[in-house]
Structure formats: C-alpha cells, structure tokens
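What follows is the residue order along each chain.
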Amino acid sequence: MTTTLRPTAPEQRGPGGARSRSYEVCVNSRPVGAVDLATDHRFGPAVGRIVRLAIDEADRHRGRGTVAALAAEEVLRGWGCTRIEVSVDAGAEVGLGLAAALGYTERSRNMVKTLTAAPRLPEGTEGRRMTGDEYPGWRVESREGYVRDWTDRGVPADQARAKAEADERALLPGGVDTEGAVLRILTHRGTAVGTLWAAVREAAGPGEPDAFVFGVEVAPEHRGNGHGRSLMLLAEAEALARGARTLGLNVFAGNVPALRLYESLGYVPTAHHLYKPLL
C-alpha cells in the first residue's frame, strides 16, 4: 500500500515568506487522516512546522503516522526549510514515541500548576516592583540570556535574536508599565538576589493557563540558597492576587535543576516542544 499526502486547499502565503497548506493522508487514494503544515512564524520561512497530524482511529498502529510525518518533512524541504518544529501533548505517548523514533529532539516543555492558597515567602525575603531605572539593564541581560538558551539548543543566532526581539515587542510593549506584566526584584534581608518576569492575561485557549512565568533569574553570587524557589512562590502569590488560578511556564530541556524545582512545587507537563534538522 502507498501512503501519500494530497492537498485539500490551495497553499496560503503571508508576509515575510510565510506559507501554509493542509493535506489529506491517503492510502491508495483512500483518506485516512490529515496533516497541516506551515512555516514557523517565530523563526521565519526557513523553519517549518507540523501544526497537526491526525490519523483516523481505524487506521492507527499501521505506520500511517510515520509515513505521513516523513512525507511532511519532504514537503517542508521543498519549501526550503532547514529545520522542522513540532509540539506534542504531554499525554500523547504515541506521538512522543513517533517523534523520538524519527529523530526529533526535545527543546523544551510547558508545565502548569493549579493555584490554591497564596504561599508565604521565607523569612527576610520579599518582592518589590522593578523600577524604571532598573528595567533597561534587566531587559538587555534577560534578552541575551534568552538568546543563549535558544542557540545552545540548535537555533541559529539570527533566528534566536529575532525571536527574542519579537517576543519583547509582543509581551512588553509598554516596558516596565506593560499592562498585566509582573516585573519584580526579589530581595533577601535587603539585598537584591533575583528577578521575576510573569504576566496575568486572558487565557489563549481552552486548557491554557491564565498566568505565565516568562523568566526567573537568581544572581550568580546568590545561587544555591533557595532563591529560585522563592521567586516561584512570589510568582504564585502575584498571580493569585490578580485573580489567576493556573500558572504556566516553559522549561528548556537539559535544565535539570529548574525541572526538579518545578516538579517539587507541583507543576506538571502539558506539552513537549521538539525539533529536527532537515538535511
């Protein structure tokens, strides 16, 4: 039997070289599923994305998904893509197994926690608002660290920097005064030891958290003293104070200390984000 992709609609083009198209997965011309492909808006037209891959229940466990994924890679190569990105729900064991078998590498995962009672910070530890004078230096340092995180995980420097700058424009359009943004300095016995960047906003969709942590950073000279946990407790308290009941975050693969911290605080994975070079 031959498994192929058959377009179901004309290819869509957008600004900056963006492309997208939907396909049926067919076995000997019989539809058995669907695939949606697009270039990744975060990185530009050189990066493709499998937005959705679904095989009808009656045709699962027959290798249809594997062949469809490989065919999707060929389509994206034809578009000039040099890397492919995919996100898989944490509970989708088959999808995660398929991605691993096809050579995808996990870059990061989303985690979420349901908030109940506001936590107490350790004695002598407090959070205060970031000032307008502190914001520019923090933003530069935060952006550079973010770029390093992406380049360390296979993203070319130009794409990583473009993403960092785009995220800043989207998430902090008003700087330190951006509506919904939570920018805090953590102090311990009067000394600044770390920073928090979080936001409370309307959930992006069903099951999405209504608050999100974008960054926690402990100053190098103060690491190993539990301040990372204090920053997360501060994020939870700030979110609850603003009416949020779920708090999400993204942790990069390989950051074992952070992953262990989030797990110990009760955060659970909701999605895995993986990538693969298209050679």
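Residues numbered from 1 in each chain as written. Predicted model: local features only at pLDDT ≥ 70, side-chain atom pairs only at ≥ 80, totals over all residues. Heavy atoms only, no water.

**Student:** Help me understand the layout of surface pockets, please; the structure alone is not making it clear to me.
**Tutor:** Space left empty within the atom packing is revealed by a probe, the size of a water molecule, rolled over the atoms. In this model, the second largest pocket occupies a volume close to 750 Å³. What lines the second largest pocket is a set of 27 residues, and nearest its centre among them are Leu53, Ala54, Val94, Gly95 and Leu98. Secondary-structure elements contributing two or more residues to the lining of the second largest pocket are strand 5 (44–55), helix 1 (64–78), strand 6 (83–89) and helix 2 (93–101). Here the lining of the second largest pocket is composed, by residue class, of 14 nonpolar, six polar and seven charged. (1 Å grid on protein atoms, 1.4 Å probe; cavity = no way out; pocket = protein on both sides within 12 Å on 5 of 7 lines; lining within 4 Å. Points joined across faces, edges and corners; volume = space filled by probe spheres on them. Helix = DSSP H or I, 4+ residues; strand = E, 2+ residues; numbered from the N terminus. Nonpolar A, V, L, I, M, F, W, Y, C, P; charged D, E, K, R; others polar.)

**Student:** Explain helix 6 (residues 256–264) to me, please; I cannot follow it from the model alone.
**Tutor:** Three- or four-residue spacings in an α-helix give side chains the same orientation, since the helix completes a turn every 3.6 residues. For helix 6, every residue scored as buried is listed here: Ala258, Leu259, Leu261 and Tyr262. Buried positions in helix 6, seen along its axis, are confined to an arc of 160 degrees and lie on one side of it. For helix 6, the secondary structure elements touched by its buried residues are strand 7 (105–114), strand 11 (211–218), helix 5 (227–241) and strand 12 (246–252). (Buried < 20%, exposed > 50% of the residue type's maximum accessible area, 1.4 Å probe, protein only. Arc of directions from axis to C-beta. Contact = heavy atoms within 4.5 Å.)

**Student:** Explanation requested: the environment of Arg223 in the structure shown.
**Tutor:** In this fold, Arg223 is placed in the loop between strand 11 and helix 5. Residue classification places Arg223 among the partly exposed residues on the basis of a relative accessible area of 47%. The sequence separation of Arg223 and Tyr146 amounts to 77 residues, and the corresponding C-alpha distance is 19 Å. Apart from residues no more than four positions distant in its own chain, Arg223 is found in contact with Glu217 and Val218. Of note is the side chain of Arg223, whose polar atom sits 2.6 Å from the side chain of Glu217. (Polar contact = N/O pair within 3.5 Å; in protein donor to acceptor, adjacent residues only side chain to side chain.)

**Student:** Looking at this structure, how should I read the pattern of salt bridges?
**Tutor:** Two side chains that carry opposite charge are able to pair once their charged atoms sit near each other. Using the criterion set out here, one finds 27 salt bridges in the structure. Between Glu73 and Arg77 there is a salt bridge; the shortest N-O distance is 3.8 Å. Highlighted residues: Glu73 and Arg77, both in helix 1, separated by four residues, approximately one helical turn. The partner of Asp149 in a salt bridge is Arg153, with the nearest N and O atoms 3.9 Å apart. We classify Arg153 as buried; its relative accessible area is 18%. When salt bridges that share partners are traced, they join Asp40, Arg42, Arg49, Arg83, Glu85 and Arg107 into one network. (Salt bridge = Lys/Arg side-chain N within 4 Å of Asp/Glu carboxyl O.)

**Student:** Would you take a moment to explain the pairing of strand 4 (residues 30–40) for this structure?
**Tutor:** Walk down a regular strand and you will see the side chains alternate between the two sheet faces. In terms of burial, strand 4 is a largely internal element, nine of the eleven residues being buried. Of the pairings in the sheet, the one linking strand 3 (residues 19–27) to strand 4 comprises eight bridges and is antiparallel in character. Within strand 4, the residue paired with Tyr23 across the bridge is Val35. Linking strand 3 to strand 4, which pair antiparallel, is a turn of two residues; within it Asn28 sits at a positive phi near 50 degrees. Looking at chain direction, strand 4 and strand 5 are connected through eight bridges and run antiparallel. (Pairing = 2+ DSSP bridges.)

**Student:** Would you mind showing me how to read the packing of helix 3 (residues 135–151) against helix 4 (residues 157–171) here?
**Tutor:** Two elements in contact, helix 3 and helix 4, have axes whose closest approach is 9 Å; the angle formed by their N-to-C orientations is 140 degrees. Taken together, the axis directions place helix 3 and helix 4 in an arrangement best described as oblique. Where helix 3 crosses over helix 4, the two elements pack in a sense that is right-handed. For the pair helix 3 and helix 4, contact is made by Tyr135, Arg139, Arg143, Glu144, Tyr146, Val147, Trp150 and Thr151 and by Ala157, Ala160, Arg161, Lys163, Ala164, Glu165, Asp167 and Glu168, respectively. Residue classes in the contact of helix 3 with helix 4 are distributed as seven nonpolar, one polar and eight charged. (Axes fitted to C-alpha atoms, helices over the stretch in contact; angles between N-to-C directions. Parallel < 35°, antiparallel > 145°, perpendicular 65-115°, else oblique. Left-handed = near helix turned anticlockwise from the far one by under 90°.)

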